[in-house]
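# Structural overview for review
For reference, the chains in residue letters:
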Amino acid sequence: MSRIRLCKAGDVPPQGMKCYDGSDGQKVLVLRSVDGFRAFQGLCPHQDVCLDEGFFDGRTLTCHQHLWQWDASTGEAMGLAEAPLERYALEQVDDELFLVRGSALRASQLFKDVAEPTLHALEALARRECHASPDVIYDVGDPATDIYVLESGRVEFVVGREDRTRRAGFMLRKGEAFGWAALLDDHPVRIARATCMEPSQVLRLDGRHTLELLRSDPVSGFEVMRQLSHLIAYQLTSAAGR
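Residues numbered from 1 in each chain as written. Predicted model: local features only at pLDDT ≥ 70, side-chain atom pairs only at ≥ 80, totals over all residues. Heavy atoms only, no water.

### Focus on the confidence of the model for the protein chain
To be explicit about the condition: pLDDT is a per-residue confidence score from the predictor, ranging from 0 to 100. Under the scheme used here, helices are H or I runs from DSSP no shorter than 4 residues and strands are E runs no shorter than 2 residues, and both carry numbers assigned from the N terminus. Note on contacts: a residue pair qualifies if any of its non-hydrogen atoms lie within 4.5 Å across the two residues.
Here the protein chain shows a mean pLDDT of 86. Residues at 70 or above account for 90%. The element-level mean pLDDT for the protein chain is lowest in strand β15 (residues 164-172), coming to 54, with helix α2 (residues 207-216) highest at 96. Taken together, the stretch residues 164-169 has pLDDT below 50 and engages in 23 contacts with residues farther than four places along the chain or on a different chain.

Structure, rendered in structure tokens:
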């Protein structure tokens, strides 16, 4: 976990917002409302539009490009929006605001309801890998033994079998999980190719060991599988729409 200075608290106007660059070049949007400061991803998850060019009324954040909206307290999607905003931890020390970076697992929708002891165990299991562009993390037909969580960069997917492949139509961002076949029975090989479109870091978790941890905590295991069903439906729907 690391702490990165963003700005002075007074730099963000009341009921206003400003965008800053994190140490990794990622855009961070700081919102100031009556109940304090919040930090979210600075780019719209739809088409990478800068969110500080949109509208903020103290409660709702609206992207000006296609009018996607989010709850400014939680980052949850509202109205037309189809994806939540990644929320970052903020720490205020006197008049300084700091971004607190945690594990990408903690930013992952897949693991968001996992109990703290199990999450710690998953973080210990995860292995960080760095990939250049256009590295292929896995290809169609490869063994489906590991699940991945994107820590930084972008990954694009091509789906299909043998010579019948096509672009899946979406890229992933930090905290998003892929390679989910490693958590499913009777899916021993990949049906997609995952390619890094820019230098990327991923967390790699052995699927069998991940399942063992989840079986030891049935409540967390149920929540992960519930989120996994949503993830599969979203990714397959995105692929079918192309």
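Right, picking up where we left off after that structure.
### What about the state of the cysteines?
In a disulfide, the sulfur atoms of two cysteines are held together by a covalent bond. We count it as follows: Cysteine sulfur atoms that come within 2.5 Å of each other are treated as a disulfide pair.
Per the counting criterion, the structure on display carries zero disulfides. C50 takes part in no disulfide bond, and the closest cysteine sulfur, belonging to C19, lies 5.9 Å away.

### Remarks on the packing of helix α1 (residues 116-125) against α2
Worth spelling out the cut-off: Orientation is described by lines fitted to C-alpha atoms, with helices fitted over the stretch in contact, and by angles between N-to-C directions that extend from 0 to 180 degrees. Roughly parallel here means an angle under 35 degrees, roughly antiparallel means over 145, roughly perpendicular means 65 to 115, and every remaining angle is called oblique. Whether a crossing is left-handed or right-handed is set by the direction in which the near helix is turned from the far one by less than a right angle, anticlockwise for left-handed and clockwise for right-handed. Three classes are used, and their members are as follows: Ala, Val, Leu, Ile, Met, Phe, Trp, Tyr, Cys and Pro are nonpolar, Asp, Glu, Lys and Arg are charged, and the others, Gly among them, are polar.
At a minimum axis distance of 10 Å, the contact between α1 and α2 shows a crossing angle of 170°. Considered as vectors, α1 and α2 are oriented roughly antiparallel to each other. For the pair α1 and α2, the sense of crossing is right-handed. Of α2, the residues touching α1 (which contributes T118, A121, L122 and L125) are H209, T210, L213 and L214. In terms of residue class, the contact of α1 with α2 is built from five nonpolar, three polar and no charged.

### Re the pattern of salt bridges
The condition is simple: Here a salt bridge means any side-chain nitrogen of Lys or Arg lying within 4 Å of a carboxyl oxygen belonging to Asp or Glu. Each residue is assigned to one of three classes by its accessible area relative to the maximum for its type, calculated with a 1.4 Å probe on protein chains only: buried under 20%, partly exposed between the two thresholds, exposed over 50%.
Counted according to the given criterion, the structure contains 15 salt bridges. Between R106 and E123 there is a salt bridge, with the nearest N and O atoms lying 3.0 Å from each other. Taken as a pair, R106 in the loop between β10 (96-101) and α1 and E123 in helix α1 lie far apart in primary sequence, 17 residues in all. Note on E123: relative accessible area 22%, which makes it partly exposed. Across the pair D139 and R193 runs a salt bridge whose closest N-O atoms are separated by 2.9 Å. One end of the pair, D139, is in the loop between β12 (136-138) and β13 (146-152); the other, R193, is in strand β17 (residues 192-196), and 54 residues separate them in sequence.

### Quick look at the pairing of β13
Just so we agree on the cut-off: In short, DSSP must find at least two bridges between two strands for them to pair.
By the criterion of burial, β13 is predominantly enclosed, with six of the seven residues buried. Strand direction decides the pairing type here: β13 and strand β18 (residues 200-206), joined by six bridges, are antiparallel. By the bridge assignment, L150 is partnered in β18 with V202. Relative to strand β16 (residues 177-178), β13 is paired through two bridges, and the arrangement is antiparallel.

### A word on the sheet that holds strand β5 (residues 55-56)
Taken in spatial order, the four strands line up as β5-β6-β7-β8 in an open sheet, and their pairing is antiparallel. Edge positions in the open sheet fall to β5 and β8 (77-78), since each of these has one partner strand only. Pairing of β5 with strand β6 (residues 60-62), which is carried by two bridges, proceeds in the antiparallel orientation. Bridge pairing in β6 links F55 to T62.

### Examining the sheet that holds β18
Either a parallel or an antiparallel arrangement is found when strands of a sheet pair, and the pairing is made through backbone hydrogen bonds. A sheet is described by the order of its strands in space; here four strands give the open sequence β11-β18-β13-β16, paired in antiparallel fashion. Pairing within the sheet leaves two strands with one partner each, and these edge strands are β11 (127-131) and β16. Packed on one face of the sheet, α1 meets β11 and β18 and runs near 110° to β18. Each of β13 and β18 is contacted by α2, which is oriented at about 65° to β18, the strand it contacts most.

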